[in-house]
Amino acid sequence: MLFCLRNPPINPNNGKAMKLVIMNPLDKHGRVFFLSWTSFLFSFLAWYAMPPLLNATIRYDLELTTAQIQISNIIALVAGLLMRLVAGTLCEKFGPRYVLIGILWCAALPTGLAGVATHFASLCAIRFFIGIGGAAFVPANVLIVQYFDNHVIGTAAAFAAGWGDAGVGVAFFVMPSVFDSLVSQHHLRAPVAWRVSFVVPCIVLIFFGICLLLFVDDTPTGHWRNRGQRNLTGSSVATAFGNLTPSSQSSTVAVDKSNPKESSGKNTYSETTNSVRRPSAADSMMTAVEVQPASRAESVAPPAREERTLKQNLGHLCCWQTLMLSALYFSTFGGGLAMSSFLVNWYGERFGWSQSLAGSWSAMFGLLNFVTRPAGGLMADTLANRSVEGRELHTKKYWACALCVIEGAFCLWVGLSNPMSSTTLLGGMTGIAIFLQAANGAIYSLVPRVNPEIAGLMGGAVGGSGNLGGIIFCLVARFVPHHQTVWIVGVVCVVVGTLSATVPPLPRRQRDVVSQTVL
């Protein structure tokens, strides 16, 4: 079972939770999970707060053309791309918590000032700085990686990212609702009401930044500079071991330090759980570690951290596996961003729907993230746990590639058939959303396992590629009709998904250290 509602069992070697705490704000792991996905959700809400009102109300107020609207959409994605690339490096240096707080507060100010836009140039400037909020995904994901153990990280990352990504869908519900309320109940004129409505996401972003500052630690062991240390003493050890071991038993995990390749391929039987434990990469460098009963628990000295230069980090980042994951995310997440930016306009023009009605149906595309992206990551972990030993990460890779190809097939069907029926078009877009978002979850179940020593840089590179995909596909949408953009996304997904299946899931450097891939 990968979930729990109370205090999770803790890995005594790193302080990470071995189950996903769905809802328990009193537990620090549960608190991190909750604040990560909620902060991520509201940052995405702010990032996409403009499109639900842009194609009608704001367009008429600022006298914008269709080309200007498309350019402003691209500018918002460019800001997210640049900030995601920077956020990865900042996470490595300062830790994900402070980076996430900084992104929330930096995005809050331009969101609150969105109402000062009076022409196209000022709108573009505002949207650029609001786009900073699109980078919240990177530190939120790195923060999740710090608090959840390897065999559950795919599920934890998928749930946090899926519920956070749903902020795009929430924006298409919330912003028109706030606008309509200001007009109908508070009797504000439309040019004033849309400006006032942006105060709501501004206040929410500031609030969650404060919550992260006050109620979350950088890592399970405290400060970011202490990451990776194993220093569970006193009552904290008793709590951790109380969830893992009977008071009358102890077990020893012994690994031969002199031959890490040989020892890393062996399973170790745990008396405390009556199950076979698959060794991690860290085990290959550990000597015998005795797991004591709660009453005899002592602190375990952490291994010395190896400081790496930026050149070394970039050398690890530049590999086929980074390219594979980036290409997959470019196709799936990038395609989703582009489609989210023009769905309101497409539905409104095709079916003559009002701004609110078109926004409500467009919201469905993003709101499916609440279910589909977590399902993609959960299924990736489930399939990997049931796969042949040593092939777990291959299973995750094939699952992600298959979802990408199926998404591409749906895009080809919708784009080439160009449905004129609302039922057919909405059904096709629902199919695209399901497999697109599940693919995103599957991709990020694999990302934390590739180059884990540079998790921040990996998150920034892969996450940034999604924004890059959104920019490219939005540029395509400037010159071709919406349905053609959709089938072009489909072609890219099918090609990328097929080619990515040929790439090994781990770089050669990691394969040389660990003879068998483990979860």
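Residues numbered from 1 in each chain as written. Predicted model: local features only at pLDDT ≥ 70, side-chain atom pairs only at ≥ 80, totals over all residues. Heavy atoms only, no water.

Working note: a packed helix pair is described by the angle between its axes plus the distance between those axes. Interaxial distance between helix H14 (residues 320–351) and helix H20 (residues 482–500) falls to 10 Å at its minimum, and their mutual angle equals 165 degrees. One way to sum up the angle between H14 and H20 is to call them roughly antiparallel. Crossing angle aside, the handedness with which H14 passes H20 is left-handed. Across from Met324, Ala327, Leu328, Phe330, Ser331, Gly335, Met339, Phe342, Asn345, Trp346 and Glu349 in H14, the residues of H20 making contact are His482, His483, Thr485, Val486, Val489, Val492, Cys493, Val496, Gly497 and Ser500. (Axes fitted to C-alpha atoms, helices over the stretch in contact; angles between N-to-C directions. Helix = DSSP H or I, 4+ residues; strand = E, 2+ residues; numbered from the N terminus. Parallel < 35°, antiparallel > 145°, perpendicular 65-115°, else oblique. Left-handed = near helix turned anticlockwise from the far one by under 90°. Contact = heavy atoms within 4.5 Å.)

A few words now on empty space enclosed by the protein. On inspection of all chains with the given rule, the structure shows six cavities of 30 Å³ or more. The volume enclosed by the largest cavity comes to roughly 140 Å³. In terms of lining residues, the largest cavity is bounded by 13 residues, among which Gln70, Asn73, Ser341, Phe342 and His482 are the most central. Elements with a contribution of two residues or more to the lining of the largest cavity: helix H2 (51–62), helix H3 (66–94), H14 and helix H19 (455–479). (1 Å grid on protein atoms, 1.4 Å probe; cavity = no way out; pocket = protein on both sides within 12 Å on 5 of 7 lines; lining within 4 Å. Points joined across faces, edges and corners; volume = space filled by probe spheres on them.)

Considering all chains together, one arrives at four salt bridges under this definition. A salt bridge links aspartate 165 to arginine 373; the shortest N-O distance between them is 2.3 Å. A residue pair is termed long-range when its members are at least 10 positions apart, and aspartate 165 in helix H7 (residues 150–165) and arginine 373 in helix H16 (residues 369–385) qualify at 208 residues. Each of the two residues, aspartate 165 as well as arginine 373, counts as buried. (Salt bridge = Lys/Arg side-chain N within 4 Å of Asp/Glu carboxyl O. Buried < 20%, exposed > 50% of the residue type's maximum accessible area, 1.4 Å probe, protein only.)

Following both chains from N to C, one finds H2 and helix H9 (residues 190–197) inclined at 125 degrees, their axes separated by 10 Å at the closest point. Accordingly, the angle class assigned to the pair H2 and H9 is oblique. Handedness of the H2/H9 crossing: left-handed. Packed against H2, whose contacting residues are Leu53, Thr57, Ile58, Asp61 and Leu62, the element H9 presents Ala190, Pro191, Trp194, Arg195 and Ser197 at the interface. A breakdown of the residues in the contact of H2 with H9 according to their chemical character gives six nonpolar, two polar and two charged. (Nonpolar A, V, L, I, M, F, W, Y, C, P; charged D, E, K, R; others polar.)

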